[in-house]
Amino acid sequence: MLKLEVDDISTGGERELPMKDGSMLAQGYAPTKHTVQFAAHSELPEIRAVRLELLTDPELPNGGPGRSIHGTGALTEFRVEAAPATSPKQFTKLKVASATADINPPETLLEAAFDDKKGNRRVTGPIEFALDGKDETAWGIDSGPGTRNQARKAVFVLDQPIATRAGAC
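Let me begin by describing the structure that accompanies this report. (Residues numbered from 1 in each chain as written. Predicted model: local features only at pLDDT ≥ 70, side-chain atom pairs only at ≥ 80, totals over all residues. Heavy atoms only, no water.)

**Concerning the environment of Pro145**
Item 1. Among the secondary structure elements, Pro145 is positioned in the loop between strand E12 (137-140) and strand E13 (152-163).
Item 2. Placed 74 residues apart in sequence, Pro145 and Gly71 show a C-alpha to C-alpha distance of 11 Å. (Helix = DSSP H or I, 4+ residues; strand = E, 2+ residues; numbered from the N terminus.)

Structure follows, in structure tokens:
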């Protein structure tokens, strides 16, 4: 497990609080759209994939794992960048070749309560929506009443491994 740090590019009023177990707890205003960037330093020889775990927590609405009124959430885009530890500002965008998730709901129109008021048709659906480069689509974790509030996970496999022998961020 990598120890995450939050880069100060946050948009939308949300903030992430580091927890003792290494996870991050989202707090503050729960916007309909939010961008957060995490950084981590690695001493592993290489990284081939990134696993994202969305955990439940009593501090989240309905126990989470998301922050919507239902305790759910959605991920519009997932991106990975890497930089050598010796030049931490020289980021290279990495291609994510594929992704899998423990839940892949069908395409569903976003509820009106979560509309960003810009008039765009926004939908949630399978994990592939987190890699399609579109702001109108998102990987959704809502499995419906009675089964919503469960921890979820996704694995994003990189097209090429990140070689980190000299350290990377």
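**Considering the side chain of Thr72**
Item 1. Note on placement: Thr72 falls in the loop between strand E5 (46-54) and strand E6 (74-75).
Item 2. On the accessibility criterion, Thr72 (6% relative accessible area) is buried.
Item 3. Polar side-chain contacts of Thr72 include one of 2.9 Å to the side chain of Ser68.
Item 4. Setting aside residues no more than four positions away along its own chain, Thr72 makes contact with Gly66, Arg67, Ile141, Asp142 and Arg148. (Buried < 20%, exposed > 50% of the residue type's maximum accessible area, 1.4 Å probe, protein only. Polar contact = N/O pair within 3.5 Å; in protein donor to acceptor, adjacent residues only side chain to side chain. Contact = heavy atoms within 4.5 Å.)

**A look at the sheet that holds E5**
Item 1. The sheet built from three strands is open, its strands ordered E5-E13-E9 with antiparallel pairing. Every other strand in the sheet has two partners, leaving E5 and strand E9 (96-101) as the edge strands with one partner each. Averaged over all neighbouring strand pairs, the angle between strand axes comes to 20°, with direction disregarded.
Item 2. Sheet analysis places E5 next to E13, joined by eight bridges and oriented antiparallel. Among the inter-strand pairings, Leu52 is bridged to a residue of E13, identified as Ala154. (Pairing = 2+ DSSP bridges. Axes fitted to C-alpha atoms, helices over the stretch in contact; angles between N-to-C directions.)

**Re the pattern of salt bridges**
Item 1. For the coordinates displayed, the defined rule picks out five salt bridges.
Item 2. Here Arg51 ties to Glu53 by a salt bridge, and the two come within 2.8 Å at their closest N and O atoms.
Item 3. A relative accessible area of 55% means that Arg51 is categorised as exposed.
Item 4. Residue classification places Glu53 among the partly exposed residues on the basis of a relative accessible area of 39%.
Item 5. Note that Arg121 and Glu107 form a salt bridge whose closest N and O atoms lie 3.4 Å from each other. Pair noted here: Arg121 is in the loop between strand E10 (108-109) and strand E11 (123-125) and Glu107 is in the loop between E9 and E10, with a separation of 14 residues, a long-range link.
Item 6. By relative accessible area, Glu107 is classed as partly exposed at 47%. (Salt bridge = Lys/Arg side-chain N within 4 Å of Asp/Glu carboxyl O.)

**Quick look at a nonpolar patch on the surface**
Item 1. Residues Leu2, Leu4, Val6, Phe38 and Leu44 make up a contiguous nonpolar surface patch of roughly 360 Å² in combined accessible area.
Item 2. Position of Val6 among the secondary structure elements: in strand E1 (residues 4-7). (Patch = residues over 30% accessible without salt bridge, like charges linked within 9 Å, V, L, I, M, F, W, Y side chains within 5 Å. Areas by Shrake-Rupley, 256 points an atom, 1.4 Å probe, with all protein chains shown as cover.)

**Observations concerning the pairing of strand E3 (residues 24-28)**
Item 1. In this structure, strand E2 (residues 14-18) lies alongside E3, joined through five bridges in antiparallel fashion. Opposite Arg15, over in E3, you have Gln27 as the bridge partner.
Item 2. Counted along the chain from E2 to the antiparallel partner E3, the turn is five residues long, and its residue Gly22 has a positive phi close to 95°.

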